[in-house]
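Okay, here's what each chain looks like letter by letter:
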Amino acid sequence: MSRAETSRAETGNVPVARAETPDAGVGAVRTPSPLWSLGLLRSELLITFRRWRTLALLGVLAAVPVLVGIAVKIETSDGSSSPGGGGGGGEGPAFIAQISNNGLFLVFTALAATLPFFLPMAVGVVAGDAIAGESSAGTLRYLLVAPAGRTRLLLTKYATVIAFCLAATLVVAVSALAVGALLFPLGDLVTISGTRIGYAEGLGRALLIALVVAASLVGVAALGLFVSTLTGSGIAAMATTVGLLITVQILDQIPQLHALQPYFFSHYWLSFADLMREPVYWDDLVKNLGLQALYAAVFGSAAWARFTSKDITA
């Protein structure tokens, strides 16, 4: 066993069942432990969230609300109620003009600022490295012999990426909530519709918005996992996934492609703002979640078809 394989096994601490061989020289029959799936998932979560790259990505995401909050605080230090000092609507992501009145709006602004690029880029990096990274490190064959099984391993990898989607979104939301509470007053919120809701209900909607944003990334996660099955280079898979993400974002801004844009995974990302209306507008939210489910099904199936038929050489 290579050093990389030994390290992978020790770090993961995954229960491995012995293969039963009824007859000497006859192919082994794998009998994985019932705890194998949970052990494998725990191993993947620990390895993913202990990597310096993952911690660096989460650190960058946590820094975005801090920078936005400080910028708004400086811009409104002259007593104006909105950035720019004019008291108007202001420019920038949704809700930014309301931050100085209520720090909770920093949560919504930070999510709106990170969703178009920072959050999906971070997810693309983790998803792109899921399979290709194991292959380039020489641990993929070990995982399949362990015995994980290709379908089980692929599902575990995807579950780990989804967990990262949720963790990354919550890091942005919690950081924004902390900075908003430190720099700005808190209290009742005025919705986009002009109605007033209590602070507790506002917190509930902030949590719901964070969950919707995390769910909006499952399509990118599936796309990145599919790309990861196409190559044995983790860097190439990550770069390709991020490149596709940027390309789709550009295409979504070209007016001549308006007929195709509703089918781009990023088209309805900012629909989470409708959760701050009274009553809530559900149309675009449902379209967004349905589109993410479609991308997850299509690219998840493509990743399974590719990975289960792929010749593993590393």
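Residues numbered from 1 in each chain as written. Predicted model: local features only at pLDDT ≥ 70, side-chain atom pairs only at ≥ 80, totals over all residues. Heavy atoms only, no water.

Caption draft 1: Focus on the packing of aromatic side chains. Under the defined criterion, the tally for this structure stands at seven aromatic pairs. Between the aromatic rings of phenylalanine 226 and phenylalanine 299, the centroid separation amounts to 5.9 Å while the plane-to-plane angle is 50 degrees, which identifies the pairing as tilted. Placement of the pair is phenylalanine 226 in helix α9 (residues 218-228) and phenylalanine 299 in helix α11 (residues 283-309), with a sequence separation of 73 residues. Between the aromatic rings of phenylalanine 265 and tyrosine 295, the centroid separation amounts to 5.5 Å while the plane-to-plane angle is 85 degrees, which identifies the pairing as edge-to-face. Here the residue phenylalanine 265 occupies a position in the loop between α10 (234-251) and α11, and tyrosine 295 occupies one in helix α11, the gap between them amounting to 30 residues. Residue class for phenylalanine 265 comes out buried when judged on its relative accessible area of 4%. Judged by relative accessible area, tyrosine 295 falls into the buried class, the value being 15%. Aromatic rings pair up to connect Phe226, Phe265, Trp269, Tyr295 and Phe299 into one cluster. The aromatic ring of phenylalanine 307 is capped on one face by arginine 150, whose charged end is 6.0 Å from the ring centroid. (Phe/Tyr/Trp six-rings, centres within 6.5 Å; stacked < 30°, edge-to-face > 60°. Helix = DSSP H or I, 4+ residues; strand = E, 2+ residues; numbered from the N terminus. Buried < 20%, exposed > 50% of the residue type's maximum accessible area, 1.4 Å probe, protein only. Lys NZ or Arg CZ within 6 Å of the ring centre and 35° of its normal.)

Caption draft 2: Highlighting the nonpolar core. In this structure, Phe108 and Phe272 are the most contacted members of the largest nonpolar core, which totals 62 residues. Every element with two or more residues in this core is listed here: α3 (52-75), α4 (105-114), α5 (118-137), α7 (150-183), α8 (199-215), α9, α10 and α11. With eight residues, α7 is the single largest residue contributor to this core. Among residues more than four places away in sequence, those in contact with phenylalanine 272 are Phe95, Phe108, Leu111, Ala112, Leu115, Ile209, Val212, Val213 and Leu285. Ranked by size, the runner-up nonpolar core spans twelve residues in total, among them Leu40, Leu140, Leu153 and Phe226. (Core = buried A, V, L, I, M, F, W, Y, C linked by side-chain atoms within 4.5 Å. Contact = heavy atoms within 4.5 Å.)

Caption draft 3: Spotlight on the side chain of threonine 169. With respect to the helices and strands, the residue threonine 169 is situated in helix α7. Dropping the residues within four chain positions of it, threonine 169 is found in contact with Leu111, Leu119, Ala210, Val213, Ala214 and Leu217.

Caption draft 4: Molecular detail of the packing of α9 against α11. Put simply, α9 and α11 touch, their axes get as near as 8 Å, and they point 15 degrees apart. The pairing of α9 with α11 is recorded here as roughly parallel in orientation. When the axes of α9 and α11 are compared, the crossing they make is left-handed. Seen from α9, the contacting residues are Val218, Gly219, Ala222, Leu223, Leu225 and Phe226; seen from α11, they are Gln292, Tyr295, Ala296, Phe299, Gly300, Ala302 and Ala303. Partitioning the contact of α9 with α11 into residue classes produces ten nonpolar, three polar and no charged. (Axes fitted to C-alpha atoms, helices over the stretch in contact; angles between N-to-C directions. Parallel < 35°, antiparallel > 145°, perpendicular 65-115°, else oblique. Left-handed = near helix turned anticlockwise from the far one by under 90°. Nonpolar A, V, L, I, M, F, W, Y, C, P; charged D, E, K, R; others polar.)

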